[in-house]
Amino acid sequence: MPSYLRQLFAMLLISNSMSRPEVVWKSTWHLLSEDILHEQRRVLDNPEAYLSDVDLKNCCLQKIESFLKSCERSFSDIPTMPIPVYTEDDVDITNRLICDEMHYNKRALADEDQQLVLNLTDELKSVYKKIMAAINENMGGFFFLYEFGGTCKTYIWKTLSAAIRSKGDVVLTVASSGIASLLLPGGRTTHSRFVIPLNITENSTCNLKQGTPLAHLLIKTKLIIWDEAPMMHKHCFEALDKTLRDIIGYKDATKLYHLMVKQLFLEVTSDIFFR
């Protein structure tokens, strides 16, 4: 119901049907923002989450402005109305991609991670600890895992994903083929996730820009797991690298950790992809 009220309020603003919209806002903001705290608690999986009246008003204004922008309007066109303040954290509330990646049961994932770690072999446990240390210490890094088929590589992906998501962080699991992506928790194909052009060249970049929901998702990402990496042409990696440098811009590009797996059947030809 509050979402419909926000849309109605936005439509009244667009149609200039209120002579004093700021007065209406002050009288009705608590009704317009009635569902925001519940939504925030659900997204964060924290029933104790709290938002002050100032934060509730700001979130509500953001949602209303989102509707206004879809109609090519904004609060800057209405001088008497307050203007929402945007920070990097505020983007998470309205960014559907980030909400989808954070909408996991953190308690269940924490328990699952503990059980998965117990079943890791010594070799895989060493891989797990090294990558988690790089993430926890914000060291950055590029990890390339090479193993035979059937040696529990998918198991380590699942363990790392559970560990990171249980802390409320974002991990993107992608694969070079659709079949392989189905085996990854929350998996997508690389072309779908990163909008990599089908006709790739050495000058290509991914079809995403700064300030878009996908760009904000990549900025918040702690780990990228890329399965069957050598199946892709080297220009795909170069396109993603150039795009990440562009969207992160002023930020440190090493905050993204790329984990790629090399399948045995590509051993002979894989060197052509990484020269």
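Per an unreviewed UniProt entry, the recorded name for the chain is ATP-dependent DNA helicase, and the organism is Solanum chacoense. Taken from UniProt, the Cofactor (unreviewed entry) comment for the chain reads in full: "Mg(2+)". Its UniProt record, at the heading Sequence similarities (unreviewed entry), says of the chain: "Belongs to the helicase family."

For the rest of this paragraph, the subject is the overall build of the chain. Secondary structure summary: the chain contains 13 helices and five strands in total. Taken over 275 residues, the chain has a buried fraction of 45%. A sequence separation of at least 24 residues applies to 71% of the contacts in the chain between residues at least 6 apart.

Moving on: the environment of Asn207. Along the polypeptide, Asn207 turns up in the loop between α11 (190–194) and α12 (213–220). For Asn207 and Pro197, which are 10 residues apart along the polypeptide, the C-alpha to C-alpha distance reads 7.2 Å. Once residues within four sequence positions are removed from consideration, Asn207 is found in contact with Phe194 and Val195.

We now examine the state of the cysteines. Overall, the coordinates contain zero disulfides when judged by the stated rule. Of the cysteine sulfurs around Cys59, a residue in no disulfide, the closest is that of Cys60, at 8.7 Å. A disulfide-free cysteine, Cys206 has its sulfur positioned 8.3 Å from the sulfur of Cys236, the nearest such atom. Residue classification places Cys206 among the buried residues on the basis of a relative accessible area of 4%.

So, on to a nonpolar patch on the surface. A contiguous nonpolar surface patch, about 290 Å² in accessible area, is contributed by Phe142, Phe144 and Tyr146. Among the secondary structure elements, Phe142 is positioned in strand β1 (residues 141–146).

Right, let's talk about the packing of helix α2 (residues 21–32) against helix α4 (residues 53–70) for a bit. Taken N-terminus to C-terminus, the directions of α2 and α4 make an angle of 90°; their axes are 10 Å apart at the nearest point. The angle between the axes of α2 and α4 places the two elements in the roughly perpendicular class. Residues Trp25, Trp29 and Leu32 of α2 pack against Asp53, Leu56, Lys57, Cys60, Leu61 and Ile64 of α4. Residues of the contact of α2 with α4, tallied by class, amount to seven nonpolar, no polar and two charged.

Further remarks concern the nonpolar core. The tendency in soluble globular proteins is for nonpolar side chains to be buried as a group. Core analysis: the biggest nonpolar cluster contains 25 residues, and Leu172, Phe194, Cys206, Leu208, Leu218, Trp226 and Ile247 have the highest contact counts within it. For this core, the secondary structure elements donating two or more residues are α6 (96–102), β2 (170–175), α12, β4 (221–227) and α13 (234–248). Of all the elements, α13 adds the most residues to this core, at seven residues. Filtering out sequence-adjacent residues up to four positions away, Phe194 remains in contact with Leu172, Val174, Cys206, Asn207, Leu208, Leu218, Ile224 and Leu240. Counting residues in hydrophobic clusters, the runner-up holds 21 residues, among them Leu160, Ala163, Leu223 and Ile225.

This part is about unusual backbone geometry. In the Ramachandran plot, Asn16 falls in the positive-phi region, its phi being about 55° despite a non-glycine side chain. Classification of Asn16 by relative accessible area gives exposed; the value is 65%. Despite not being glycine, Val195 has its phi angle at roughly 50°, a positive value. Tracing the backbone through its elements, the reader meets Val195 in the loop between α11 and α12.

For helix α1 (residues 2–14), built from 13 residues, the straight-helix expectation of 18 Å at 1.5 Å per residue is met to within 8% by its first-to-last C-alpha distance of 18 Å. Of all the positions in α1, only Pro2, Arg6, Phe9, Ala10 and Leu13 are classed as buried. Down the axis, α1 shows its buried residues gathered within 100° of arc, on one side only.

Let us now look at the pairing of β2. Taken across its six residues, β2 has six buried, putting it largely inside the fold. Alternating positions in β2 separate into two faces, Val170, Leu172 and Val174 on one and Val171, Thr173 and Ala175 on the other, with burial throughout. As paired elements, β2 and β4 share six bridges and run parallel to each other. Considered in β4, the bridge of Ala175 is made with Asp227. Pairing of β2 with strand β3 (residues 188–189) involves two bridges; the strand directions are parallel. Across the sheet, Ala175 pairs through a bridge with Thr189, a residue of β3.

The rules behind the values
Residues numbered from 1 in each chain as written. Predicted model: local features only at pLDDT ≥ 70, side-chain atom pairs only at ≥ 80, totals over all residues. Heavy atoms only, no water. UniProt positions renumbered as here; feature names shortened; annotations may be inferred. Helix = DSSP H or I, 4+ residues; strand = E, 2+ residues; numbered from the N terminus. Buried < 20%, exposed > 50% of the residue type's maximum accessible area, 1.4 Å probe, protein only. Contact = heavy atoms within 4.5 Å. Disulfide = S-S within 2.5 Å. Patch = residues over 30% accessible without salt bridge, like charges linked within 9 Å, V, L, I, M, F, W, Y side chains within 5 Å. Areas by Shrake-Rupley, 256 points an atom, 1.4 Å probe, with all protein chains shown as cover. Salt bridge = Lys/Arg side-chain N within 4 Å of Asp/Glu carboxyl O. Axes fitted to C-alpha atoms, helices over the stretch in contact; angles between N-to-C directions. Parallel < 35°, antiparallel > 145°, perpendicular 65-115°, else oblique. Nonpolar A, V, L, I, M, F, W, Y, C, P; charged D, E, K, R; others polar. Core = buried A, V, L, I, M, F, W, Y, C linked by side-chain atoms within 4.5 Å. Expected span 1.5 Å × (residues − 1). Arc of directions from axis to C-beta. Pairing = 2+ DSSP bridges.

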